[in-house]
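So you can see what is in the structure, the chains are spelled out below.
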Amino acid sequence: MNRILKLWRFLTSPEMILYLIFGVLTTVINIVVFEVCYNFLGWQWQAANALAWVLAVAFAFLTNKLWVFRSKSFQANVFWRELLSFLAARLLSLGVDYACMWLFIDMLAWNGLLSKIVDNVIVVVINYVLSKLVIFRKK
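Residues numbered from 1 in each chain as written. Predicted model: local features only at pLDDT ≥ 70, side-chain atom pairs only at ≥ 80, totals over all residues. Heavy atoms only, no water.

Some thoughts on the overall build of the protein
The helix and strand inventory of the protein stands at five helices and zero strands. Mapped from its N terminus to its C terminus, the protein presents α and β elements in the order α-α-α-α-α. Projected onto its principal axes, the C-alpha coordinates of the protein cover approximately 45 × 45 × 20 Å. Per-residue burial over the protein gives 39% buried out of 139 residues. For the protein, restricting intrachain contacts to residue pairs at least 6 apart in sequence, the fraction spanning at least 24 positions comes to 66%. (Helix = DSSP H or I, 4+ residues; strand = E, 2+ residues; numbered from the N terminus. Buried < 20%, exposed > 50% of the residue type's maximum accessible area, 1.4 Å probe, protein only. Contact = heavy atoms within 4.5 Å.)

A short note on the nonpolar core
With 17 residues, the main nonpolar core has Phe 69, Phe 86 and Phe 136 as its most contacted residues. Where this core is concerned, the elements lending two or more residues are helix H2 (14-40), helix H3 (45-68), helix H4 (76-107) and helix H5 (112-135). Here this core gets five residues from one element, more than from any other, and that element is H3. Apart from residues no more than four positions distant in its own chain, Phe 86 is found in contact with Val 57, Ala 60, Phe 61, Asn 64, Ser 131, Ile 135 and Phe 136. Core analysis: the second largest hydrophobic core is formed by eight residues, Phe 34, Cys 37, Ala 48 and Ala 52 among them. (Core = buried A, V, L, I, M, F, W, Y, C linked by side-chain atoms within 4.5 Å.)

Notes on the environment of Pro 14
When you line up the elements, Pro 14 lands in helix H2. Measuring from C-alpha to C-alpha, the distance between Pro 14 and Trp 67 comes to 9.9 Å, with 53 residues separating the pair along the chain.

Quick look at the pattern of salt bridges
Under the definition given, this model contains three salt bridges. Lys 116 is the partner of Asp 97 in a salt bridge, and the nearest nitrogen-oxygen pair spans 3.3 Å. In this pair, Asp 97 sits in helix H4 while Lys 116 sits in helix H5, placing the two residues 19 residues apart along the sequence. Classification of Asp 97 as buried rests on a relative accessible area of 4%. (Salt bridge = Lys/Arg side-chain N within 4 Å of Asp/Glu carboxyl O.)

Observations concerning the packing of H2 against H3
The N-to-C vectors of H2 and H3 enclose an angle of 160°; their axes lie 8 Å apart at closest approach. Comparing the axis directions of H2 and H3 gives the class roughly antiparallel. Where H2 crosses over H3, the handedness of that crossing is right-handed. Tallied by class, residues from the contact of H2 with H3 come to 20 nonpolar, five polar and one charged. (Axes fitted to C-alpha atoms, helices over the stretch in contact; angles between N-to-C directions. Parallel < 35°, antiparallel > 145°, perpendicular 65-115°, else oblique. Left-handed = near helix turned anticlockwise from the far one by under 90°. Nonpolar A, V, L, I, M, F, W, Y, C, P; charged D, E, K, R; others polar.)

In structure tokens, the structure reads:
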């Protein structure tokens with residue numbers, strides 16, 4: 001029972017609720033940009049995924065920094081450490097993103113939108129762990 005209570009407190013903490021809200025918005029940006037570029041504009045999935053990633057990462061950095069993890073410092077050393085750490089972590093998850101998309105679309109012949117949705121669930125978990133434990137950690 002104690003573990004369930006701890007899990008409930010974690011899942012309903014302000015940080016987690018904000019992470020989920022902004023994570024959903026980031027995911028929506030990622031999926032909508034991908035879908036428009038891939039299915040409506042006829043881009044290759046790799047190019048559509050790249051643009052979707054750039055726009056989603058820019059949005060995610062600002063929202064994670066300011067509202068989720070409440071890192072208000074814009075001192076050069078703090079800002080650049082956070083930004084570069086964030087980009088490095090997101091490049092790692094981008095590798096997972098491309099591997100999933102390759103597996104789902106090219107190897108398993110899944111629908112592009114379904115692939116992107118499943119892929120985003122995996123990537124969001126990785127991004128939270130990296131943001132919480134590495135990038136915006138409390139000192």
